[in-house]
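# Fold and contact review
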Amino acid sequence: MDKNHLSLLCDYYELTMSNGYYAHNLHEKTTYFDLYFRQIPDGGGYAITAGLQQLIEYIENLHFDQEDIAFLRQKNIFSNDFLNYLANFHFSGDIYAIPEGTPVFPGEPLVIVKAPAAQAQLIETYALLTFNHQSLIATKANRIVRAAKGRPVMEFGSRRAQGADAATIGARAAYIGGCAATACTLTDAIYGVPASGTMAHAWVQMFENEYEAFKAYCQIYPHNATLLVDTYNTLKSGVPNAIRVFKEILLPQGIKKCAIRLDSGDLAFLSRSARKMLDDAGLPFCQIVASNALDEWLIRDLLVQGAQIDSFGVGEKLITARSEPVFGCIYKLVATEDESGQIIPKIKISENVSKITTPHFKKVYRLYEKNSGKAIADQICVYDETIDENKPLEIFDPLAPWKRKTVSDFTVKELLVPIFIHGKKVYQQPSLSQIQAYCKQQIDTLWDEVKRFEYPHHYYVDLSQKLWDIKQKLLYQQTQQA
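Everything in this summary refers to the structure shown in the same document. (Residues numbered from 1 in each chain as written. Predicted model: local features only at pLDDT ≥ 70, side-chain atom pairs only at ≥ 80, totals over all residues. Heavy atoms only, no water.)

All of the buried residues in helix α3 (residues 66-73) are D68, I69 and L72. Angular distribution of buried residues about the axis of α3 spans 95°; they occupy a single face of the element. Residues of α3 that are buried make contact with α1 (12-23) and α4 (80-87). Where α3 begins, one side-chain oxygen reaches toward the backbone nitrogen of E67, 3.2 Å away; that side chain belongs to D65. (Buried < 20%, exposed > 50% of the residue type's maximum accessible area, 1.4 Å probe, protein only. Helix = DSSP H or I, 4+ residues; strand = E, 2+ residues; numbered from the N terminus. Arc of directions from axis to C-beta. Contact = heavy atoms within 4.5 Å. Polar contact = N/O pair within 3.5 Å; in protein donor to acceptor, adjacent residues only side chain to side chain.)

Right under this line is the structure:
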């Protein structure tokens, strides 16, 4: 079986439910599903949505071939009529999504799927896995990039990723979050994320001594000379040998682009000491790169301690989002249509209040202060609602509806955009560099208080009064029936 064929990359219950829908003639019933998340990783103030490109590619290629049908047939639980349905399967629904690189918040739909029930059900797993993974990595990468305060961050995590796809697509997501480059060559080949790399300790060990290793490297790569100086002794041999080689090989050629990399030890102390040695040797232009199990907290502390580091290579704690490795997107039915095409909102109730769904086919608006351009709040509305920028708008916290605020002098932006309409792609996918630039621009619209690592300001995602009333009515009806 072709492992790159993804149609069977679904939870088994999606197939059994779809078979059941077919048996009850519900498979063509129009449904609405929301894909959203409940909690921001690492206690942050916002997340970054990513993974849309892979969902688009999946939908465009989604089909069940003869081998898939044969595999399902031998399970002996699917009807022949349903298997024939799958043999002729193609996605014919609508998908709306918030563009990749957008700062997003709990509760608001990142993706809305309007499609026949069986179609909407069968794409659940892949939609969740691509957004869960890439949004997690993009969010983590952005935290690390912000901690570096303008210093470039390279993603170095391929060898520690949980599989080939996690390494390749994870590097893509890290780039969206703000990383400048990746160590993953395949990500460069597929997505154009600049590949970057220098040497491992093995290079130094292969030569008779450290000096000869550095000399050989600078002779081969004079315009990309970054020397790993901690194989033996960073300050007693590594940095002095690097200085010697830079002066002997690079400076006579007029080349001043050079760097050393620190990969172990006390990076704050070593970088300060190395900086002084380089400056005293007349190499103030030589950059210092640091790696070694870094994350946003360590990078922040290193800079507070006066570390003289110009760029960072971050591996396992980025590519695995080690501190909180689950993003937690969920996929819930929020509405259906009856025979006349009327939308019937649906709600799921739980004793855990955070798990109660918000019903109906929806829109998400972001409000911005007109003068500063800063984001004020998001408002989730029913699909047929619009917000008039020329009129004051009262917003309120759906978890504490007595907390209300009237905003004026604002602009508004609808976040969800159409991706597929009647199964046809209508979205013009931006380039990855455009997504990265858009992400940076959108993060700049957030107040600094929202971007704090610790105890960030709570950014409000409100419900319109109409949507709030619908939700409360359904809650009351369901509790009365229970």
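This part is about the packing of aromatic side chains. The description of two aromatic rings rests on the distance between their centres and on the angle between their planes. With the rule as written, the count across this model stands at 20 aromatic pairs. Between Y12 and F78, the aromatic rings sit 5.9 Å apart at their centres with planes inclined by 80°, giving edge-to-face as the arrangement. Of this pair, Y12 sits in helix α1 while F78 is found in the loop between α3 and α4, placing the two residues 66 residues apart along the sequence. Relative to F207, the ring of W203 has its centre 5.0 Å away and its plane inclined at 45°; by these criteria the two rings are tilted. With a relative accessible area of 25%, W203 lands in the partly exposed category. Among the aromatic residues, ring-to-ring pairing joins Y12, Y22, F64, F78, F82, Y85 and F89 into one connected group. Its guanidinium or amino end placed over the ring of Y211, R244 lies 3.6 Å from that ring's centre, counting from NZ or CZ. (Phe/Tyr/Trp six-rings, centres within 6.5 Å; stacked < 30°, edge-to-face > 60°. Lys NZ or Arg CZ within 6 Å of the ring centre and 35° of its normal.)

Attention now moves to the sheet that holds strand β10 (residues 287-290). With respect to topology, 6 strands assemble into an open sheet ordered β7-β6-β11-β10-β9-β8, the strand pairing being parallel. Only two strands of the sheet have a single neighbouring strand rather than two, namely β7 (181-182) and β8 (225-228). (Pairing = 2+ DSSP bridges.)

Okay, the sheet that holds strand β12 (residues 329-337) next. Across the sheet, which stays open at both edges, the 7 strands sit in the order β13-β12-β1-β5-β3-β19-β20 with antiparallel pairing between neighbours. Edge positions in the open sheet fall to β13 (343-345) and β20 (424-425), since each of these has one partner strand only. Here strand β3 (residues 94-97) pairs with strand β19 (residues 417-421) via 3 bridges, running antiparallel. In the strand pairing of β19, A97 is matched with V417. Set on the sheet, helix α2 (residues 52-61) makes contact with β3, β5 (111-116), β19 and β20; between it and β19 the angle comes to about 15°. (Axes fitted to C-alpha atoms, helices over the stretch in contact; angles between N-to-C directions.)

Of note, D42 is a non-glycine position whose phi angle comes to about 60°, a positive value. Within the chain, N76 stands out as a residue other than glycine whose phi angle is a positive 60°. Position of N76 among the secondary structure elements: in the loop between α3 and α4. Residue N76 is classed as exposed on the basis of its relative accessible area of 66%.

In this section: the environment of Q442. Mapping Q442 onto the fold places it in helix α15 (residues 432-443). Put simply, Q442 and K374 are 68 residues apart on the chain and 9.4 Å apart in space, counted from C-alpha to C-alpha. Once residues within four sequence positions are removed from consideration, Q442 is found in contact with G101, P103, R366, Y368 and K413. Looking at Q442, its side chain comes within polar contact range of the side chain of Q441, at 2.6 Å.

Summed over all chains, the structure comprises 22 salt bridges. We note a salt bridge from E454 to R300, for which the minimum N-O separation is 3.6 Å. Residue E454 is found in the loop between α15 and β21 (461-463), and its partner R300 is found in helix α13 (residues 296-304); the two are separated by 154 residues along the sequence. One salt bridge in this structure joins D384 and K466, with 3.0 Å as the shortest N-O distance. With D384 in the loop between β15 (375-382) and β16 (393-397) and K466 in helix α16 (residues 465-481), the pair connects residues that are 82 residues apart, well separated along the chain. Among the residues examined, K466 registers a relative accessible area of 37% and is labelled partly exposed. A cluster of three or more residues bridged by salt bridges with shared partners is formed by D42, K140, R143 and E296. (Salt bridge = Lys/Arg side-chain N within 4 Å of Asp/Glu carboxyl O.)

Spatial relationships are all this shows, so hold off on functional conclusions.
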